[in-house]
Amino acid sequence: MFAVALLSMASAACPAKPGYAANGLVKLPAGVNLTCEGAVYREFKSLVTGEGWGEVLYVPRTSQGAASLTKIVKMITAKGYKEISRKKTEQMLIIRFKKNNVVLTSIRSEDREAMYMVLTGK
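Computed from a predicted structure; not experimentally measured.

Trainee: Quick one: what's the story with the packing of aromatic side chains, residue by residue and with numbers?
Mentor: Going through the model one piece at a time under the given rule, you end up with 0 aromatic pairs. The ring of Tyr20 has Lys17 sitting right over it, with the charged end atom 4.3 Å from the ring centre.

Here is the structure:
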């Protein structure tokens with residue numbers, strides 16, 4: 001469902017810094033795609049209200065894709081962000097990070113074809 005809508009979008013993206021994710025915080029690993037438009041972006045971002053920015057990253061549903069999304073989480077913590085909460089449901093993993101007064105949220109989900117990570121913050 002999400003993959004069809006997301007993968008049919010043009011490669012339009014609005015990163016704060018081209019080639020980076022989390023509002024310019026971390027460099028995108030090879031094979032990770034980013035968008036901040038379209039139905040999937042709007043649906044995921046609606047899960048976290050009151051945020052100033054949001055991006056949807058997506059990768060193929062493979063072990064390499066999963067490793068790339070895990071790498072992004074490690075890169076965020078390497079920048080000094082501490083994990084402040086983690087919630088896992090059947091459909092998603094939500095992690096919140098904080099550094100000083102900045103809070104980032106990562107929402108990870110997947111369907112049959114792709115894995116997604118939404119990154120939002122203020």
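Trainee: Explain the nonpolar core to me, and be specific about the residues and the numbers.
Mentor: The biggest cluster of nonpolar side chains holds 22 residues, and the ones touching the most others in it are Ala21, Leu57, Ile72, Ile76, Phe97, Met117 and Leu119. Elements with a minimum of two residues in this core: β4 (53-60), α3 (63-78), β6 (92-99) and β8 (114-121). In terms of residue count, the dominant contributor to this core is α3 (5 residues). Leave out the neighbours within four places in its chain, and Ile76 touches Leu25, Val26, Tyr81, Phe97, Leu104 and Leu119.

Trainee: Tell me about α3, and please be specific about residues and values.
Mentor: The end-to-end C-alpha distance of α3 is 22 Å, a good match for the 22 Å that 16 residues give at a rise of 1.5 Å each. Buried within α3 are the following residues: Gly65, Ala66, Ser68, Leu69, Ile72, Val73 and Ile76. All buried residues of α3 project into a common sector of 160° when viewed along the axis, lining one side. The outward face of α3, more than 90 degrees from its buried face, is lined by the exposed residues Ser63, Gln64, Lys74 and Ala78.

Trainee: Give me the sheet that holds β6: which residues, what numbers.
Mentor: Taken together, the 6 strands give an open sheet; going across it, the order is β3-β4-β8-β7-β6-β5, and neighbouring strands pair in antiparallel fashion. The strands lining the two open edges of the sheet, one partner per strand, are β3 (33-35) and β5 (82-88). On average, each strand axis in the sheet is inclined to that of its neighbour by 20°, with strand direction left out of account. Bridge count for β3 against β4 is 3 bridges, and the pairing is antiparallel. Residue pairing in the sheet places Leu34 in a bridge with Leu57 of β4. Strands in contact with α3 are β4, β6, β7 (102-110) and β8; relative to β8, the strand with the most contacts, it is inclined by about 20°.

Trainee: Run through the pairing of β8, naming residues and quoting values.
Mentor: With 8 of 8 residues buried, β8 is to be regarded as a mostly interior element. Burial along β8 is two-sided: the residues Ala114, Tyr116, Val118 and Thr120 and Met115, Met117, Leu119 and Gly121 are all buried. Here β4 runs beside β8; their pairing, made up of 8 bridges, is antiparallel. Each residue of the ladder has a partner; that of Val59, found in β8, is Met115. With 7 bridges joining them, β7 and β8 adopt antiparallel strand pairing. In the sheet register, Ile107 faces β8, and the bridge partner there is Val118.

Trainee: So what's going on with the pattern of salt bridges? Residues and values would help.
Mentor: Within the structure shown, the criterion is met by 2 salt bridges. Of the charged contacts, one joins Glu110 and Arg61 as a salt bridge, the two residues approaching to 2.6 Å between their closest N and O atoms. With Glu110 in strand β7 and Arg61 in the loop between β4 and α3, this residue pair connects regions lying 49 residues apart in the sequence. Owing to a relative accessible area of 44%, Arg61 belongs among the partly exposed residues under this scheme.

So, how was this worked out
- Residues numbered from 1 in each chain as written.
- Predicted model: local features only at pLDDT ≥ 70, side-chain atom pairs only at ≥ 80, totals over all residues.
- Heavy atoms only, no water.
- Phe/Tyr/Trp six-rings, centres within 6.5 Å; stacked < 30°, edge-to-face > 60°.
- Lys NZ or Arg CZ within 6 Å of the ring centre and 35° of its normal.
- Core = buried A, V, L, I, M, F, W, Y, C linked by side-chain atoms within 4.5 Å.
- Buried < 20%, exposed > 50% of the residue type's maximum accessible area, 1.4 Å probe, protein only.
- Helix = DSSP H or I, 4+ residues; strand = E, 2+ residues; numbered from the N terminus.
- Contact = heavy atoms within 4.5 Å.
- Expected span 1.5 Å × (residues − 1).
- Arc of directions from axis to C-beta.
- Pairing = 2+ DSSP bridges.
- Axes fitted to C-alpha atoms, helices over the stretch in contact; angles between N-to-C directions.
- Salt bridge = Lys/Arg side-chain N within 4 Å of Asp/Glu carboxyl O.

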